[in-house]
Amino acid sequence: MQNNSADETDPEMEGGPETKPLTKRKNLMKRRLSPYKFKSEELEKLYQRYIYNLQQSALRYTLGVFIILTATLSALEFAYIRDFTIYGLCHGIMCLIFIAMFILMLFFLFKYDCMREVHFRVVVHVILFFMVCFAVLSFPFDLDHPLAPRPTYTHADGVWQIVFVVFIIYSLVPLRTLLAVICGVIIPASHVVVCIVTKTENDSDWWRQLVANIILFVSVNVAGIFINNVTQRAQRKTFVDTRNCIAARKEIQQENEKLERLLLSVLPQHVASEVKDDITMRDNERQFHKIYIHHYEPVSMGGLVVLQMFFGYNIVYLLVCAASVYVILLLTSWKCQNGSGVAVAVFIFLFIVICELFLVEEKAWHSVRGAQIILSMKVIGLGFDISSGVMPLPSVTDYMAYIFNAGNVIFGPWISFQDFKSIYSTNVSKCLSLEWMTKVMKSSVFSILCLSFSTCFGSWIILDGNYKWVRAYRDAQSFRFSHYFVCFVSETTAALAGISPGDIEYGVTVTRPLSVELPRSLVEVVTNWNLPMHNWLKTYVFKIARPHGTFLAVILTYIASSLLHGLNFQLAAVLLSLGLYSYVEMTFRRKLSRIFDACLEARSCRENCPHTYKNNHPYIWITNLAFGCLAIFHLAYLGLMFDSSVEAEKGYNMSHTLQKWCVI
């Protein structure tokens, strides 16, 4: 019945008996011992390769079981007899042999993938030999040796060992069914013969024990053959299902590629992609009722014009940097693609150091530093994306369009190359949507308000006659609102360039002033200060360094941020102080949260957090408020050095930074 069901399930497995009587009997015996086999030899070989890893795992489990069993028996033998015996020594030696083979397979063979199937079969038969020795050692006979004391023995001795070994041979040891049956018959038969030979005249009931042993041996063989056949059937069926699934997937991919080639033969690529997306939409009413109109902009030329208007001839440094990076990407993609990101990062650092110390005047370099930061983030991110295989090396035109895009070449924000490509597929209806126009107007109004508060309103609200810490908070807040002004201008230019909300992960939101001015912790401050830069540092610095420790990853993240801003002691001191303070606060508040089982962590807990004491608890609310006030104090302490003095045009030096802190 099993063979017939197998034939119905898989048409490539061998079927029923043939016509000739002799052939019928021969095939019947073969089918009973090994009933499942594919008709195709190639398919059978493929299945054997597929099952090879499972056989290795089963053999490791077998070795583990016998290591534990032999070690336990050897220890019990010594514990009860209090002396060394042949049985205990043999079990101990077998345990050591099994351990050695397990280590050999695990570390030198399977880990380095250097064991061939022929060698694997040799290891299997060696393990089978020692398993048989383990069973024979338990036979009911006297070895007649001082180290083998067995004053009394019965015909039940060795039965459980034989049953155990036979069952393991059928269920775990990767043997052919015929060889497993031979072992399952010979080992119990040998035990029966030994019982008959060693029977005594005083034992009148020996035949009852012998019949019971035979029943047990027959039962374990029947159960073993049944389990072996069911396992083989399940494995072959799983293999066939997996193979059919892979074949169907490849066929679907080939058909999709044919359809895409057909579509690309009559339409441009970006239009064809949009048509394909619309065809697969669930809303069938919108299909074929859309006019595909696209706009094209010379984004790279527009970006160069904008750079020329802002920096004049100083754009030559940006052009040299961008061209040199593309040459590096070409060379590394040709010889060592995995090193593209590291090579670009090292070159950017050296380029910044050389320009700042030797080539460029301080005032001129300080004027282009913002655009240089955006360019550095773009090319370093592009290099690491190429290293990780996320994307191939872009063409020169795509590279120049990405680096010198007019929408973010001056003020930012940083976007990845994959997100930048969404600009090309933006249609007119999307750019002129109400959401897009609302975003442009809102960002423009916020930028004007932040500029007005930074230059006028802040000084009018907090006068110079106030307490020094209040004045420090005012000066730091003035700097922060000038930063918000730049961020909102960045949002406006990015939206005008065609990057509408939803194209990238963080939309076109560059900063969240409310989360910075009224923070829960310093972690919220550094996260919401500049969202695109935070995303860049998290992706290309923090996640890469995280396996080496959280503290090291945090410090390296702030070091990378300070290096992007150039050799500026003031910025480096502020950024490294923020990194140290935020890490200490995050660690301390995490421990407080665990100790008191309360929502005291640096980041706000989710709505259904498991803490006992929530944010609305009075003590928790007061504690979080105290940490928020401490974060505001740090903002005033670290931001007071950014003033509007003459040194701001060429960057603050170390003496200015230390003098500001000393005054406080």
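Residues numbered from 1 in each chain as written. Predicted model: local features only at pLDDT ≥ 70, side-chain atom pairs only at ≥ 80, totals over all residues. Heavy atoms only, no water.

- In the annotation of an unreviewed UniProt entry, the protein is listed under the name Adenylate cyclase N-terminal domain-containing protein and assigned to Magallana gigas.
- Comment text from UniProt for the protein, heading Subcellular location (unreviewed entry), reads "Membrane". (UniProt positions renumbered as here; feature names shortened; annotations may be inferred.)

### Points about the environment of Lys-37
Here comes step 1: By the secondary structure assignment, Lys-37 is in the loop between helix H2 (21-33) and helix H3 (41-81).
Here comes step 2: In this structure Lys-37 comes out as partly exposed when scored by relative accessible area, which is 36%.
Here comes step 3: In the structure, Lys-37 is positioned ten residues away from Tyr-47 in sequence and 9.7 Å away in space, judged by C-alpha atoms. (Helix = DSSP H or I, 4+ residues; strand = E, 2+ residues; numbered from the N terminus. Buried < 20%, exposed > 50% of the residue type's maximum accessible area, 1.4 Å probe, protein only.)

### Details of the packing of aromatic side chains
Here comes step 1: In total, this model carries 21 aromatic pairs according to the counting rule given.
Here comes step 2: Ring geometry for Tyr-402 versus Phe-417: centroids 5.3 Å apart, planes at 85 degrees, classification edge-to-face. Residue Tyr-402 is found in helix H14 (residues 396-403), and its partner Phe-417 is found in helix H15 (residues 417-420); the two are separated by 15 residues along the sequence. Pair check on accessibility: Tyr-402 and Phe-417 agree, each one buried.
Here comes step 3: One aromatic cluster is present, built from ring pairs that chain together Phe-66, Phe-98, Phe-129, Phe-130, Phe-134 and Phe-164.
Here comes step 4: The ring centre of Tyr-402 lies 5.5 Å from the NZ or CZ of Lys-378, which sits over that ring. (Phe/Tyr/Trp six-rings, centres within 6.5 Å; stacked < 30°, edge-to-face > 60°. Lys NZ or Arg CZ within 6 Å of the ring centre and 35° of its normal.)

### Looking at the packing of helix H11 (residues 315-335) against H14
Here comes step 1: Relative orientation of the contacting elements H11 and H14 amounts to 135 degrees, with a least axis distance of 11 Å. The angle between the axes of H11 and H14 places the two elements in the oblique class. In this structure, the crossing between H11 and H14 has a hand that is right-handed. Two secondary-structure elements touch here, H11 through Ala-322, Val-325, Tyr-326 and Leu-329 and H14 through Val-396, Tyr-399 and Ile-403.
Here comes step 2: Tallied by class, the residues present in the contact of H11 with H14 amount to seven nonpolar, no polar and no charged. (Axes fitted to C-alpha atoms, helices over the stretch in contact; angles between N-to-C directions. Parallel < 35°, antiparallel > 145°, perpendicular 65-115°, else oblique. Left-handed = near helix turned anticlockwise from the far one by under 90°. Contact = heavy atoms within 4.5 Å. Nonpolar A, V, L, I, M, F, W, Y, C, P; charged D, E, K, R; others polar.)

### Observations concerning the nonpolar core
Here comes step 1: Leu-307, Val-379, Tyr-399 and Trp-536 are the most contacted members of the largest nonpolar core, which totals 47 residues.
Here comes step 2: Among the nonpolar cores identified, the runner-up in size contains 41 residues, and Phe-120, Ile-127, Ile-169 and Val-173 belong to it. (Core = buried A, V, L, I, M, F, W, Y, C linked by side-chain atoms within 4.5 Å.)

### Here we look at a positive patch on the surface
Here comes step 1: A cluster of basic side chains, namely Arg-546, Arg-590, Lys-591 and Arg-594, defines a positive patch on the protein surface.
Here comes step 2: By the secondary structure assignment, Arg-546 is in the loop between helix H21 (531-545) and helix H22 (550-564).
Here comes step 3: Residue classification places Arg-546 among the partly exposed residues on the basis of a relative accessible area of 43%. (Patch = residues over 30% accessible without salt bridge, like charges linked within 9 Å, V, L, I, M, F, W, Y side chains within 5 Å. Areas by Shrake-Rupley, 256 points an atom, 1.4 Å probe, with all protein chains shown as cover. Salt bridge = Lys/Arg side-chain N within 4 Å of Asp/Glu carboxyl O. Lys, Arg positive; Asp, Glu negative; His and termini not counted. Charge placed at Lys NZ, Arg CZ, Asp CG, Glu CD.)

### Overview of the pattern of salt bridges
Here comes step 1: With the rule as written, the count across this model stands at five salt bridges.
Here comes step 2: Among the ionic pairs, Arg-480 bridges to Glu-517, the shortest N-O distance being 2.8 Å. With Arg-480 in helix H18 (residues 468-496) and Glu-517 in helix H19 (residues 513-517), this pair connects stretches of sequence that are 37 residues apart.
Here comes step 3: By relative accessible area, Glu-517 is classed as buried at 11%.

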